[in-house]
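Architecture at a glance
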Amino acid sequence: MPIRQLPDVLVNQIAAGEVIERPAAAIKELVENAIDAGARRIDIAVREGGASLMTITDDGIGMGAADLALAVERHATSKLPDNDLINIQSLGFRGEALPSIGAVSRMTITSRPRGDHANTGAHQITIEGGRKAPVTPAALTSGTRVEVRDLFYATPARLKFLKSPRTETQNIRDVLERLAMAYPDIHFSLTADDRSIFDLPAAQGDFFAQRLERLRQIMGRDFAENALQIDAEREGIRLTGFASLPTLNRGTNQYQHFFVNGRPVRDKLLIGATRGAYADFLAYDRHPMLCLFIDLPPDVVDVNVHPAKTEVRFQDSAVVRGLIVGALKHALAAAGHRASSTVANETLAAFQNPTAEERNWDGEYRQQGPGYKHLKGLEGAPYQGHYYRPVGGNTAAASDIFTDSPDLAQPGARHVQPVDAYIEQESHHPLGAAVAQLHENYIVAQTRDGLVLVDQHAAHERLVYEEMKEALARGRPASQPLLIPEIVEMDPAAAERLLDRRDELDALGLSIDSFGPGAVSVNEVPALFGHGNVQQLVRDLADDIVTYGRTMKLQEKLQAICSTIACHGSV
């Protein structure tokens, strides 16, 4: 078959497959155009996740009739005045977005130049499946309004791969929130199916005050109250933003946002630098919350390496990584031992006076040595006799032996021996018989020819997990209604994700309801959950849903949720 040139309509549809893979991608391109046009307010409305209708209205500089006709042509742009791909100072620059969207939808653009001193009025152009209609007069006060209907109607293969309207709306929300973080001086609003999703007025104040206010609107009050300000510069590269204290962390890195010259990006280098900075403060499976802005000369970063412009390549990546690691470590060191307000109450509670049960050890209260808690049985009752006593019948308290700095090699150190033998119990207890509990974390068990050290949290978590799976197989597990519902505040997107899985959570005995934007009320918890931390449980569940919510089958999802509940409900 001879080589032939493809028609323009097919070329545009192929290009659209690279640039516009879902409604959120179209929204991103159109909103970036509005930002480049100097808009101070951008209103977005969608229906059915953007598949049936998307409208983007801005108060930017607008376009006249001639520019409007040229704007929908491939590779036509006003953002490269010198045809220089090295010096890119705008979000858009390829001239592909409008013709790509028009090739797979029914798109109408209405625009009027700001000021309109020539009083030419507004004009409108329509593109349907790549076929362009003439420019006609229209009605609009100022700015630009883009209406996209029936996205992917011209490419049905792409249409059938779209997710549910709720999922696509959430993707649109994520895209818009990232852009809103980068431009706090712009008013953003999103409406989905006539329901307001968010309305973010332009933030007021100085540079950092604006950014922190916008982050509070999106990432929640917890982050705003427990964020460290970042401001550092090296070799012409400036790093600003906010990062959470180590004690405010999440189970996924989705709360880490990076911007390069105002452009939202996802870059492994930046994520790795953040992990390196927090390596001494967080466990490997916990992630800080942060929002970092990197501003550098356009000629030392390449933003033209990905069709969606979500990746960048730095000329000197080592300098960028060193700047991030150094700035974050400096901020964390300056914070000292400051803890986030979300865990402060729990920390203070750990220093309260011991309860009556804690005072009841071997029939009397004994002053406990530093770093040691009294020995208790597996069921939590006061330990009855199965502890170590000093050789020679000395009846001093066990706390006299288990101190912070005992040295048995020193002269006069006491040796210990077991009071009772448990050998006869081995047939019933393969892991031996419990003898002591250390630091309320580990259980020491004695066997015939050795000892076993048990992580009581991991052991209890496994037991609770298996019980929950058995209860789930029999039906809905037993739940415990809360006398006063627990209100959990989080960012609005996380709350929406939780409420979207309400039925799955209810099947496990966890009953939640909406409590306004950015909050959920917990009405019931699984009976096996006990006195666990409801706030942390709900936040971790929201993180887990991001990780597995779109790929795992229902039964696997339920088992994963069981695992999280078991973890928070264990000793």
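Read on for a plain summary of the structure. Computed from a predicted structure; not experimentally measured. (Residues numbered from 1 in each chain as written. Predicted model: local features only at pLDDT ≥ 70, side-chain atom pairs only at ≥ 80, totals over all residues. Heavy atoms only, no water.)

Concerning the overall build of the protein
On a plain count of helices and strands, the protein comes out with 17 helices and 26 strands. Looking at the protein alone, contacts between residues at least 24 apart form 68% of all its contacts between residues at least 6 apart. Accessible surface for the protein amounts to roughly 28,600 Å². Of this, 52% is attributable to carbon and sulfur atoms. (Helix = DSSP H or I, 4+ residues; strand = E, 2+ residues; numbered from the N terminus. Contact = heavy atoms within 4.5 Å. Areas by Shrake-Rupley, 256 points an atom, 1.4 Å probe, with all protein chains shown as cover.)

Overview of the pattern of salt bridges
If charged atoms from side chains of opposite charge come close, those side chains can pair. Counted according to the given criterion, the structure contains 23 salt bridges. The partner of Arg 149 in a salt bridge is Glu 147, and the shortest N-O contact between them spans 2.9 Å. Between Glu 177 and Arg 173 there is a salt bridge, and its shortest N-O distance comes to 3.0 Å. On the criterion of helical spacing, the pair formed by Glu 177 and Arg 173 is a turn pair, its members being 4 residues apart in helix α6 (residues 165–182). Assessed through its relative accessible area of 3%, Arg 173 is described here as buried. Residues joined by salt bridges that share partners form a network here, namely Arg 166, Arg 195, Glu 496 and Asp 500. (Salt bridge = Lys/Arg side-chain N within 4 Å of Asp/Glu carboxyl O. Buried < 20%, exposed > 50% of the residue type's maximum accessible area, 1.4 Å probe, protein only.)

A short note on the packing of aromatic side chains
Tallied over the full model, the rule gives 3 aromatic pairs. Both rings, one in Phe 208 and one in Phe 242, keep their centres 6.1 Å apart while their planes meet at 85°; by these two values the pair is edge-to-face. You can see Phe 208 sitting in helix α7 (residues 207–219) and its partner Phe 242 sitting in strand β11 (residues 237–244), a full 34 residues away along the chain. Owing to a relative accessible area of 14%, Phe 208 belongs among the buried residues under this scheme. On the numbers, 4.8 Å between centres and 15° between planes, the contact of Phe 259 with Phe 293 is stacked. Note that Phe 259 is positioned in strand β13 (residues 256–260) and Phe 293 in strand β16 (residues 290–295), a separation of 34 residues in sequence. No difference in accessibility class separates Phe 259 from Phe 293, as the two residues are buried. An aromatic cluster is built from Phe 207, Phe 208 and Phe 242, whose rings are joined through pairwise contacts. One Lys or Arg, Arg 211, reaches over the ring of Phe 293 and ends 3.8 Å from the middle of that ring. The cationic tip of Arg 238 hangs over the ring face of Phe 207; the distance from NZ or CZ to the ring centre is 5.6 Å. (Phe/Tyr/Trp six-rings, centres within 6.5 Å; stacked < 30°, edge-to-face > 60°. Lys NZ or Arg CZ within 6 Å of the ring centre and 35° of its normal.)

Description of α7
An ideal rise of 1.5 Å per residue puts 18 Å on 13 residues; α7 measures up with 18 Å between its terminal C-alpha atoms. All buried positions along α7 are accounted for by Phe 208, Gln 210, Arg 211, Arg 214, Leu 215, Gln 217, Ile 218 and Met 219. Positioned one or two residues after α7, Gly 220 has a phi angle of 105°, which is positive. (Expected span 1.5 Å × (residues − 1).)

With respect to the sheet that holds β16
Pairing within the open sheet is mixed, and its 5 strands lie in the order β10-β11-β16-β13-β14. At either margin of the open sheet sits one strand with a lone partner, and together these are β10 (227–234) and β14 (263–265). Sheet twist, expressed as the mean angle between neighbouring strand axes with direction ignored, is 20°. Judged from the 5 bridges that link them, β13 and β16 form a sheet pairing that is parallel. Across the sheet, Gln 256 pairs through a bridge with Leu 290, a residue of β16. Across the sheet, α6 touches β13, β14 and β16, and the angle it forms with β13 is around 60°. Helix-sheet contacts for helix α9 (residues 268–277) involve β13, β14 and β16, and the interaxial angle to β13 is about 130°. (Pairing = 2+ DSSP bridges. Axes fitted to C-alpha atoms, helices over the stretch in contact; angles between N-to-C directions.)

Quick look at the packing of α6 against α7
Interaxial distance between α6 and α7 falls to 9 Å at its minimum, and their mutual angle equals 160°. Between α6 and α7, the angle is such that the two are roughly antiparallel. Between α6 and α7 the crossing geometry is left-handed. Between α6 and α7, the residues in contact are Glu 177, Ala 180, Met 181 and Ala 182 and Arg 211, Arg 214, Leu 215, Ile 218 and Met 219, respectively. (Parallel < 35°, antiparallel > 145°, perpendicular 65-115°, else oblique. Left-handed = near helix turned anticlockwise from the far one by under 90°.)

So, the layout of surface pockets
The computed volume of the second largest pocket comes to approximately 950 Å³. Lining the second largest pocket are 36 residues, with Asn 171, Asp 174, Val 175, Arg 178 and Arg 266 sitting closest to its centre. Going through the elements one at a time, α2 (23–36), α6, α7, β13, β14 and α14 (492–500) are the ones with two or more residues in the lining of the second largest pocket. Among the elements that line the lining of the second largest pocket, the one with the most residues is α6, at 7 residues. Taken together, the residues of the lining of the second largest pocket sort by class into 15 nonpolar, 8 polar and 13 charged. (1 Å grid on protein atoms, 1.4 Å probe; cavity = no way out; pocket = protein on both sides within 12 Å on 5 of 7 lines; lining within 4 Å. Points joined across faces, edges and corners; volume = space filled by probe spheres on them. Nonpolar A, V, L, I, M, F, W, Y, C, P; charged D, E, K, R; others polar.)

Here we look at the pairing of strand β8 (residues 187–192)
Here β8 lies mainly inside the structure; 5 of its 6 residues are buried. Pairing geometry for strand β1 (residues 41–47) and β8, over 6 bridges, is parallel. Considered in β8, the bridge of Ile 44 is made with Leu 190. As paired elements, β8 and strand β9 (residues 195–200) share 5 bridges and run antiparallel to each other. Residue Ala 192 lies in a different strand from β9, and its bridge partner there is Arg 195.

Notes on unusual backbone geometry
The phi dihedral of Asp 150 falls on the positive side, at around 50°, and the residue is not glycine. On the secondary structure map, Asp 150 appears in the loop between β7 (143–149) and α5 (156–159). A positive phi angle is found at Phe 152, which is not glycine, with a value near 70°. Within the secondary structure layout, Phe 152 lies in the loop between β7 and α5. Note on Phe 152: relative accessible area 2%, which makes it buried.

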